[in-house]
Amino acid sequence: MQRTLVLLKPDAVERRLIGQLISRFEAKGLSIVAMKMLRVTPDLAKQHYAEHVEKPFYPSLESFITSAPIVAMAIDGLEAISVVREMLGATSGLKAAAGTIRGDFSSSRQMNLVHASDGPEAAKRELDLYFTADEFCDHTSVL
Ligand code: CMP
């Protein structure tokens, strides 16, 4: 069992896709064990995207990710980290395969609707940025 961080980004919230996107994760058999809506601050953006802060696209990424509320979720499941990343598709909506979230809903490299942790270390670090230990509602289902 793995736990990963998923963010529904400002474009997902503004396009009213929250329900459809959550449905995809639930339909796959993944479990949401924590969820909140919040506005990312510039400080949180710099922590979350620490590896990108020096990149040329970072100023634009920070303006985008702080532009409207996001939905942060902790998602549990077997191999959840790679399963969720597969469901998202390639970073750019222009390159993402049909059938993936970005392939079906995005035509942008930056406004790609959803973020998900790319490995176990990133998942732990990112989950700690958005949730405290008492906010996880662990539950398991055999269904
Ligand atoms: P995400 O999976 O959240 O990880 C980093 C984010 O930076 C990525 O999704 C995009 O939103 C954004 N991003 C990555 N590459 C570029 C780029 N070349 N130009 C603009 N935004 C980018």
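Residues numbered from 1 in each chain as written. Predicted model: local features only at pLDDT ≥ 70, side-chain atom pairs only at ≥ 80, totals over all residues.

In the annotation of an unreviewed UniProt entry, the protein chain is listed under the name Nucleoside diphosphate kinase and assigned to Roseiconus nitratireducens. As its UniProt record puts it under Cofactor (unreviewed entry), the protein chain is described as follows: "Mg(2+)". (UniProt positions renumbered as here; feature names shortened; annotations may be inferred.)

A. Region of the structure containing the confidence of the model for the protein chain. Across the protein chain, the average pLDDT comes to 97, with 98% of residues at or above 70. Prediction confidence for the complex, expressed as pTM and ipTM, is 0.96 and 0.93 respectively. (pLDDT = per-residue confidence, 0-100.)

B. Up close: the nonpolar core. One finds Leu5, Val6, Leu7, Ile75, Val84, Ile101 and Val114 to be the most contacted residues of the largest nonpolar core, which totals 30 residues. Of all the elements in the fold, those that place two or more residues in this core are β1 (2–8), α2 (18–27), β3 (70–77), α5 (80–88), α6 (101–105), β4 (114–116) and α7 (120–130). Apart from the residues lying within four places of it in its own chain, the contact partners of Val6 are Met73, Ile75, Val84, Val114, His115 and Ala116. (Core = buried A, V, L, I, M, F, W, Y, C linked by C-beta atoms within 7 Å. Buried ≥ 20, exposed ≤ 12 C-beta atoms within 10 Å, placed from the backbone. Helix = DSSP H or I, 4+ residues; strand = E, 2+ residues; numbered from the N terminus. Contact = placed C-beta atoms within 7 Å.)

C. Region of interest: unusual backbone geometry. Notably, Arg16 is not glycine yet its phi reads approximately 60°, a positive angle. Summarising the element assignment, Arg16 is placed in the loop between α1 (10–14) and α2. The phi dihedral of Leu113 is positive, around 75°, even though this residue is not glycine. When the 24 C-beta atoms within 10 Å are taken as the criterion, Leu113 is described as buried.

D. Broad picture of the UniProt feature "domain: Nucleoside diphosphate kinase-like" (unreviewed entry) in the protein chain. Here, the residues flagged by UniProt with the feature "domain: Nucleoside diphosphate kinase-like" (unreviewed entry) are residues 1–138. The distance separating the terminal C-alpha atoms of residues 1–138 is 12 Å; by composition the span is 40% helix and 19% strand.

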